[in-house]
Every structure is written in C-alpha cells, then in structure tokens.
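Here's the letter readout for the chains.
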Amino acid sequence: MKTLCGRANPTTGALDWVEESEEYDYHQEIARSCYADMLHDHDRNLKYYQGIRAAVGRVKARGEKVIVLDIGTGTGLLSMMALTAGADFCFAVEVFKPMAEAAQSIVKKNGFSEKIKIINKHSTDVTVGPDGDMQMKANVLITELFDTELIGEGALPSYAHAHQNLVQEGCEAVPHRATVYAQLVESELLWSWAQLQPVEVEGTRLVPLPTGAPCAGAHAVCDIQLSQVPPHSFTPLGPLCTMFNVDFSKPVSSAFQSHSSQFVAQAGGRAQVVLSWWDLDMDPSGSIVCTMAPSWTYKQPKTAPWRDHWMQSVYFLPVESSVSDGEELRLTVCHDDYSLWYSLQSPSQRSSQSEAAPSRPCCTCQAHLVWNRARFGELNDRRRTESYVSALRSVLREDSVCLGVSDGSLLPVFAHVLGAKKVYGLENSRMSEQVIEQVLEANSMKGAVELLEIRPEQLSSKDLGGEQISVLMGEPYFSTSLLPWHSLFFWYCRTALAGLLRPDAAILPRSATLHMAAVEFQDLWRIRAPCGTCEGFDVTPMDEMVQRSLDFRESLEAEPHPLWEYPCRALTPPTAVMTFDFTQCVPQQPISSQGSLPFTRIGRCHGVALWMEYHLTDDITVSAGLIGPVSEQGECEWSRHRKQGVYFFRSPGESSGDGRASVSYSFTFEPSLGEIKMDFSIEVQ
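Residues numbered from 1 in each chain as written. Predicted model: local features only at pLDDT ≥ 70, side-chain atom pairs only at ≥ 80, totals over all residues. Heavy atoms only, no water.

A.B. asks: Outline the overall build of the chain, supporting the account with residue identities and numerical values.
C.D. replies: Across its full length, the chain carries 15 helices and 36 strands. Each principal axis of the C-alpha distribution contributes one length, and for the chain these read about 90 × 75 × 50 Å. Partitioning the contacts of the chain with sequence separation of at least 6, the portion at a separation of at least 24 is 77%. Total accessible area on the chain is roughly 28,900 Å²; 49% of this is exposed by carbon and sulfur atoms. (Helix = DSSP H or I, 4+ residues; strand = E, 2+ residues; numbered from the N terminus. Contact = heavy atoms within 4.5 Å. Areas by Shrake-Rupley, 256 points an atom, 1.4 Å probe, with all protein chains shown as cover.)

Structure representation (structure tokens):
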C-alpha cells in the first residue's frame, strides 16, 4: 500500500508530493541506523559476555535457576550469551518491531527458540504473571539502554520500572554499575561552538548580542568523537573528576539529582567547557570495565576501541569565568531522567549564593534555537569571515543594493559595515530574523538592514523600494540542508530573483563545484559492514534486514557525515566533478558528468567522499570539505562546519595504488527534481 506524502525539497524549496510505501519510514530508520557498529564493537561484546558469565555463575552458586530479563535486546545477542553461559531461560524485550522480528529469526537460527522469548513491547508495558508476558520475575537483569550521555535513551525510568515490577530483589545486573567522569577545560575551539564571538570588520568591532545578562545557551549535550579533538586544542584546568555512579543492581531513581566534586585548579585560564564520558563495571568488583574514554587518555591511543554508538560528551558552562592556578573550585552536575547539565562554583560564589541546585540552562537569545553547534563554529571562523569580507569588498560600490539569501547569516551586516547603500536580507523564519535584529541592535545599527521574512519567488520590486539588486550574496547556508548539494537552493533563489537583478549584478558566490575522492575509512566502514557471525553467533538475519532497507529507494543515495570525526585516507586525487554557475539561472536540461579517477595509493576503498566548494570570486574559494592538501599518505583534513556526503560501496574494493584500478563515476543533476543522481563502480584494467 502506498500513501501520498508531502515532503519539503531542501534543494528546490518546493513541497513535493510523492507516493511512498507505508514501510518507507522504518526502512529509512533501519538503513540509517548503526546496528552493525554495535555488533562490530568487539570490546563491548567481550565485556558484556564476561559480565554475563560472572552474573550467571553467581546465581548458580546460590543454587537458583537463572532467569534473565534482557531489555533492549536488539539482535538477541546478549540473551544468547546468557544461555551459552548457563542461564535457564531469557525474556528478551525489544520495542522496535522489525528488530524484534529479526531477533526472533536470529534466535531460531542459533537454536535458542525454546529458551528465549522475544517480547515486542516497551519494557514498561511488560506484565508478569501466569497470563503475562513473563511468567516469573527475573534474577538477572541485562540491559543495553545507554547513549553517549548515558541516560538519554530513558535508561533511568526503564531501570526504575524493572526493579519495581520485573526483577527480584537483590537481582544480579549486567552492567552492574556506571560511573560518570568530567574534566573542566579551556578551549577556544570548543567554546566557538557555544557562543557567537565578536568579529572585526573594516576596523569596526561587531559584538554578537546586546549587553546584559549573558545567555546560558542550550543545555543539550554536544556528542562527538572526542578522540578527534587533539589535546593541544584545550587546556585542562582541573583533574578528571568522578561525578557520580549508578548501581543498576538496586532500585534506581529517575528523580532530579545533583552531584558535586571539589578540586583545586591545576592551571589558570577561562573555565568554559566540561568534557565527559562514562565507564561500565560489568561486575560488582569492578574487574570487568568497558570505558568510553577518548583515545588520548590511553598510553597507546591506537589500542582504544572505536565505537560510534557511544561517544563522548561536551558540555558548555552557562558562563565562562576566570580561574586561577590553585583556586578551590566545585563542579556540579545535575540530571533529570534524560539529560545532564554542569555548573561551576568558587568559594566566593558559594558564600554569596544559596545552596540551591543550579537550574537547567535555557537559551534567552534565541540564537541557540536557530544555529546548531557547527553553525556557531562556522560563524566564529575568522579565516572564513575574512574570505567573505574580502569578496564583498571586491564587489561593493557606494550605490550597491544588496540582498542576502542565507539562514541567519551575518553577510548583510558585513555589507552594511562595508558601505553598501542599502541592504536587505531574506530570512526563513521570524526567530532567525529576530537573532539578526539583535546583532544589529547590539551594534547600534538598528534598521541598517531590512530583514524580510518572505520567499524569494514572492519578493517584488515594491519590497525593495523600487530598486534593483546589484549584489546578491549567500554563504550559502540553509538550516534545511543535510547533504552538501542541498545548498544549491541558493541557485534556485537566484533564479526566482532574476527579474529583480541588475543586468550587471554581482552574484556571490559566483559558482560552486562538487568534489569527490575515493576513500579508505579507518573505522566508519563498520556502520555499513555486514556482521555475519558475531562472537560465535550467526546474526545474518539482521544483515539481510539492513540490506533490504539499504536497497530501498532513497537509501541508495549518499548520506551525511562530519568527516573530521571519522579519519580516512584519500586513495584517489580529490577532483571537481560538477560545476554549478550561479551567474546563470538554473538550466532546464539536466547536467551530466562522467569519468574515472585512478587509485594512486594502496588501500581498501570503502566508498566516496563528496563535498562542495564555493567560489566567491575568481580568486577566493571557501571549501565545505577538504580544507588543506591531502598528505603523501592520503590523510585528509576536513571542515568542522559542514557535513560531507559519503557513498558507501556495498563491498570494499582493493587498490594497489599503481593506477591499474580506478573509480568510475556518473553524476546527473536533475533541475526539475533538485536531485543529483550518482553511480560509482570500481574498474580494474
């Protein structure tokens, strides 16, 4: 059965009506999930297996039958481990129906159907009793309910309910305990993701927001691969602190709690950021530990296990403050049932304030509701800002009438400072408009830029005071963009505005190019690689389920990833494969490009990286992908501001690096659809 669905097209800006299968949403969820990443995480699997064996052994030593409750069973892997370790029966709970069906197939394939019952429910809906989902309460509780923040997937309410309703008092739990760690640091790089910084334009210092009480920002965690943030980019101001732990073998509370750690500052600086991660103790003695610590905490960083399902957390303090070497400090973490937030106090603050727990940070400037973390970093990138200012300076005249087309962009503010006669800005929402208005007001420029919350095709000469546009400018940046080429929406806007442009109007950027390079990933390949056998268990039904979803229409396309977090080596030269000329309107006919790139380095090709570069003028280019030359070994440095596109090959290809093998490519840009269709293959001579 198919359903007619309205879907906003991020490239054309149009609302497309398409017929979709009723299975479309779950195919997308499965295709973009990372179930394989978990199963490829040998360290996680091994530690769980060791913890399960120990827990089963402790129950058997008491002369009891071992009844296991496995919440969030996924493939059923942990339940099968429990039975192999000697458990008598397992109740395996999985709320996602396709995954529960796959678990049923996997359990049957491995010969455990008689001793594992798959329950397709949320654990809080599971019943116990003669006619219930479970005929008895369990004495071993196994769970994998964690996210990067530990509790963000509702682990605490699920544990609280399980202890009250589903497991016996004094049950064994795997994991047994979780411990949360945190470290206070100063980091210009990380802090640039939190708050808009002042910027210098033509000798004018632009301040970000009106003076007064500073905005505490958004409380949401910033989860990243902290191993890819080099230690030289931050300064530890204190030791690694143990903030709190949760004992999963006892009743767990999901009520609000706060925990503090006191320490002496190890260095002076600006207290800005808290880095955090957690460990799992799989047994009561703490001898089986699964840690999320970043690789740079290891004596040998290359031995650190890679995982994308659990990363590390960055928290931004509500206000940056100055601390002195040797100063006594107290770091406080608060949490409700789903999230954490941090605050810092010094002795003087503690004496002048009540002992009430710090409230959850809340954005009051609206900027944190408009811009994500990467966008803050992009706006604070001084080198990038200098490129746009230089490009604007080269095209602006005293009589210039400028129109900015980007979401929440500072380009219109820059154009005014540079002396444009009149500046307009198109914004996609009232909230975005208000943020730019605040920036203007903070710099005594109220009314200097006329902001219009209107679609480009609806803009009229009357809206522009009867004048024509002499400079059309965009970064381009749009909040609806997911893949690199979605920013071609700027081209569609330029086309819609063609009748309002002067014949000699400057378009900035003048053009964009789509680039590609075939790559070997250090670890990211794991999220798409089939598992086959995992720790001795056949999980091919899950591989087949994922592959069916990957074969679904949209899942055949590239997917967005921030490649600065996922190291890779370029096996072919980076190459421009398509050009989009913004000085002209969007053509009516498709644009096509075909060719091949020779492998110039030895390696295993997992797929193709794709990104856009924007040519502001003939000699100023801003890249949303590679930001430096590829090293001799093929190592790449990627922009932290935008996600790149990744097209994964179903099977990796081997490169001998002698040019005999190549990647053939074919791209077709369909203007009427706003889509780029692509196809790749590895050819061997």
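A.B. asks: I'd like to hear about the sheet that holds strand β6 (residues 138-143), residue by residue, with values.
C.D. replies: Taken in spatial order, the 5 strands of this open sheet run β5-β4-β3-β6-β7, and their pairing is parallel. Strands with a single pairing partner mark the edges of an open sheet, and in this sheet they are β5 (116-119) and β7 (167-174). With direction set aside, neighbouring strand axes in the sheet form an average angle of 25°. Pairing geometry for strand β4 (residues 89-93) and β5, over 4 bridges, is parallel. Following the sheet pairing, F91 is matched in β5 by K117. Against the sheet, helix α3 (residues 42-61) contacts β6 and β7, and its axis sits at roughly 145° relative to β7. (Pairing = 2+ DSSP bridges. Axes fitted to C-alpha atoms, helices over the stretch in contact; angles between N-to-C directions.)

A.B. asks: A description of the state of the cysteines should follow, citing residues and the corresponding values.
C.D. replies: Counted under the stated rule, the structure contains 0 disulfides. Cysteine C363 shares no disulfide, and the gap to the nearest cysteine sulfur, in C365, comes to 3.9 Å. The closest cysteine sulfur to the non-disulfide-bonded C365 is located on C215, 3.6 Å from its own sulfur. Overall, C365 belongs to the buried group, its relative accessible area being 5%. (Disulfide = S-S within 2.5 Å. Buried < 20%, exposed > 50% of the residue type's maximum accessible area, 1.4 Å probe, protein only.)

A.B. asks: Go over the packing of helix α5 (residues 97-109) against helix α15 (residues 540-550) with me, naming the residues and quoting the values.
C.D. replies: At a closest axis distance of 8 Å, the pairing of α5 and α15 adopts a crossing angle of 145°. Every residue of α15 that contacts α5 at P98, M99, A102, S105, I106 and K109 is listed here: T540, P541, M542 and M545. Tallied by class, residues from the contact of α5 with α15 come to 7 nonpolar, 2 polar and 1 charged. (Nonpolar A, V, L, I, M, F, W, Y, C, P; charged D, E, K, R; others polar.)

A.B. asks: So what's going on with the packing of aromatic side chains? Residues and values would help.
C.D. replies: As enumerated under the stated definition, the model contains 28 aromatic pairs in all. For the pair F234 and W296, a centre-to-centre distance of 5.2 Å together with 50° between the ring planes defines the contact as tilted. In this pair, F234 is assigned in the loop between β11 (222-224) and β12 (235-236) and W296 in the loop between β16 (289-291) and β17 (312-323), connecting sequence segments 62 residues apart. Here the aromatic residues F146, Y159, F248, W278 and W310 are joined through ring pairs into a cluster of three or more. Above the ring of Y49, the side-chain terminus of R53 is found at 3.9 Å from the ring centroid. If you follow K422 out to its NZ or CZ, it ends over the ring of Y424, 5.4 Å from the centre. (Phe/Tyr/Trp six-rings, centres within 6.5 Å; stacked < 30°, edge-to-face > 60°. Lys NZ or Arg CZ within 6 Å of the ring centre and 35° of its normal.)

A.B. asks: Describe in detail the pairing of strand β18 (residues 328-335), supporting the description with residues and values.
C.D. replies: Of all 8 residues in β18, 7 are buried; the element is thus mostly enclosed. Here 8 bridges tie strand β14 (residues 257-264) to β18, and the two strands are oriented antiparallel to one another. Its bridge partner lying in β18, S261 is registered against L331. Bridge count between β18 and strand β19 (residues 340-345): 6 bridges; the pairing is antiparallel. By the bridge assignment, V333 is partnered in β19 with Y342. Counted between consecutive antiparallel strands, the loop separating β18 from β19 contains 4 residues.

A.B. asks: I'd love a proper account of the environment of G72, names of residues and values included.
C.D. replies: Tracing the sequence through the fold places G72 in the loop between β3 (67-71) and α4 (77-84). G72 gets classed as partly exposed once you look at its relative accessible area, which sits at 29%. If near-sequence neighbours (up to four positions away) are discounted, G72 is found in contact with V93, E94, E144 and L145.

A.B. asks: Could you give an account of unusual backbone geometry, naming the residues involved and the relevant values?
C.D. replies: The omega angle of the peptide bond from V174 to P175 is 0°, so this bond is cis rather than trans. Inspection of the secondary structure puts P175 in the loop between β7 and β8 (177-186). Residue L508 is joined to P509 through a cis peptide bond whose omega torsion reads 5°. Look at S444: it is not a glycine, yet its phi comes out positive at around 55°.

By themselves these figures say nothing about function.
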